[in-house]
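# Structural overview for review
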Amino acid sequence: MSYIIPNVEILYPRINQPYRYDSSAGEKGKSVPCDPFDDGAKYETKFRMSNEQAKTLYGKMATAYQGAKEKGWPDKLPNPFEKEEEGTFVGKAVLKAAYGKDATEPPKQFDAKSKELPEDFKLTTGSIGNIAVTFYPYKMAEAGVSIRLRAVQVTKYVPMEAASPFAAVDGFEHDSSNPFTEVAPTVEAPSASVEVDDDIFGSDTPED
């Protein structure tokens, strides 16, 4: 079952290439670029949505779940979203980078006019967009519906900020404030010529 999740905030997108979780990277580990056939290689993005958006998405997923439910499956689809303190919800769309010996076609990315973006386009956290997904109900140790990522349409792009490798320390701080205050416009001299007496400025001959 295909569906487009509309107008959500994109969080931590990793779509431009496959990524995998590396537990040895940093203190807590992190996702790093990898080959499509590496263990755990995938494309993914989280997304933030309102309470109403979460209800609508859950309803679509529950419909897919009920249509595929078999004997022994729980009657009701568990809530798959993470609730935030502000009352918003966070979901996740994932696509494995390979199934068996076949690499997966990367998710497409489009701009607001539905023009395809370059394959290496790096979507940023905080951007707004529509996410095309496919629902896959499953029953393993637990039952649920996976949200497989297919494409993203970027309707509002937040430019990427350069990350500093340094920690903040005491010292020089750049102040970009304007030191000048607004002044009145310069008054132009009258167009008529005014004769100036020489004795006002004195003689051009220097004194001893």
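Preceding this section is the structure that the text describes.
Summary of the structure given here. As the structure is a computational prediction, the values presented were derived from the model and not from experiment.

### A short note on the nonpolar core
As a rule of thumb, nonpolar side chains are buried together in soluble globular proteins. Grouped together as the largest cluster of nonpolar side chains are 35 residues, with contacts concentrated most on Ile5, Phe47, Leu57, Ile131, Phe135 and Ile147. Of all the secondary-structure elements, those providing two or more residues to this core are strand 1 (2–22), strand 3 (42–49), helix 1 (51–68), strand 5 (89–96), strand 9 (128–139) and strand 10 (143–156). Apart from residues no more than four positions distant in its own chain, Ile147 is found in contact with Ile5, Phe47, Leu57, Met61, Phe81, Lys92, Ala93, Val94, Val133, Thr134 and Phe135.

### Some words on the side chain of Gln109
When you line up the elements, Gln109 lands in strand 8 (residues 108–110). For Gln109, a relative accessible area of 3% puts it in the buried group. A distance of 3.1 Å separates the side chain of Gln109 from the backbone oxygen of Phe121, its partner in a polar contact. Those residues in contact with Gln109, other than ones at most four positions away along the chain, are Ile15, Asn16, Lys115, Glu116, Leu117, Glu119, Phe121, Leu123 and Val152.

### Structural notes on helix 1
The end-to-end C-alpha separation of helix 1 is 26 Å, in line with the 26 Å expected for 18 residues at 1.5 Å each. Those residues of helix 1 lying buried are Ala54, Leu57, Met61, Ala62, Ala64 and Tyr65. Taken down its axis, helix 1 places every buried residue within 160° of arc, on the same side. What points out from helix 1, more than 90 degrees from its buried face, is the exposed set Glu52, Lys55 and Gly67.

### What to know about the packing of aromatic side chains
Tallied over the full model, the rule gives three aromatic pairs. Ring geometry for Phe121 against Tyr157: centres 5.4 Å apart, planes inclined by 50°, an arrangement best described as tilted. In this pair, Phe121 is assigned in the loop between strand 8 and strand 9 and Tyr157 in the loop between strand 10 and helix 2 (198–201), connecting sequence segments 36 residues apart. On the accessibility criterion, Phe121 (19% relative accessible area) is buried. Between Arg148 and the ring centre of Tyr136, over which it is positioned, the NZ or CZ distance is 3.8 Å.

### Side note on the environment of Ile5
Along the chain, the position of Ile5 falls in strand 1. Separated by 51 residues in sequence, Ile5 and Thr56 have C-alpha atoms that sit 9.3 Å apart.

### Thoughts on the pairing of strand 5
As paired strands, strand 3 and strand 5 are joined by eight bridges and run antiparallel to one another. Bridged to Glu44 within strand 5 is Val94. Here strand 4 (residues 82–83) pairs with strand 5 via two bridges, running antiparallel. If you follow Lys83 over to strand 5, its bridge partner there is Phe89. The antiparallel pairing of strand 4 with strand 5 creates a hairpin that spans five residues between the two strands, and Gly87 there sits at a positive phi of about 95°.

### A closer look at the environment of Glu142
Examined against the element boundaries, Glu142 turns out to sit in the loop between strand 9 and strand 10. According to the relative accessible area criterion, Glu142 is exposed, its value standing at 60%. Along the chain, Glu142 and Pro78 lie 64 residues apart, while their C-alpha atoms are 9.5 Å from each other.

### Regarding the pattern of salt bridges
Tallied over the entire structure, the rule returns nine salt bridges. The partner of Glu44 in a salt bridge is Arg14, with the nearest N and O atoms 3.5 Å apart. Taken together, the positions of Glu44 in strand 3 and Arg14 in strand 1 put the pair 30 residues apart, joining distant regions of the chain. Here the salt bridges share partners, and the residues they tie into one network are Glu9, Arg48 and Glu84.

Basis of the calculations
- Residues numbered from 1 in each chain as written.
- Predicted model: local features only at pLDDT ≥ 70, side-chain atom pairs only at ≥ 80, totals over all residues.
- Heavy atoms only, no water.
- Core = buried A, V, L, I, M, F, W, Y, C linked by side-chain atoms within 4.5 Å.
- Buried < 20%, exposed > 50% of the residue type's maximum accessible area, 1.4 Å probe, protein only.
- Helix = DSSP H or I, 4+ residues; strand = E, 2+ residues; numbered from the N terminus.
- Contact = heavy atoms within 4.5 Å.
- Polar contact = N/O pair within 3.5 Å; in protein donor to acceptor, adjacent residues only side chain to side chain.
- Expected span 1.5 Å × (residues − 1).
- Arc of directions from axis to C-beta.
- Phe/Tyr/Trp six-rings, centres within 6.5 Å; stacked < 30°, edge-to-face > 60°.
- Lys NZ or Arg CZ within 6 Å of the ring centre and 35° of its normal.
- Pairing = 2+ DSSP bridges.
- Salt bridge = Lys/Arg side-chain N within 4 Å of Asp/Glu carboxyl O.

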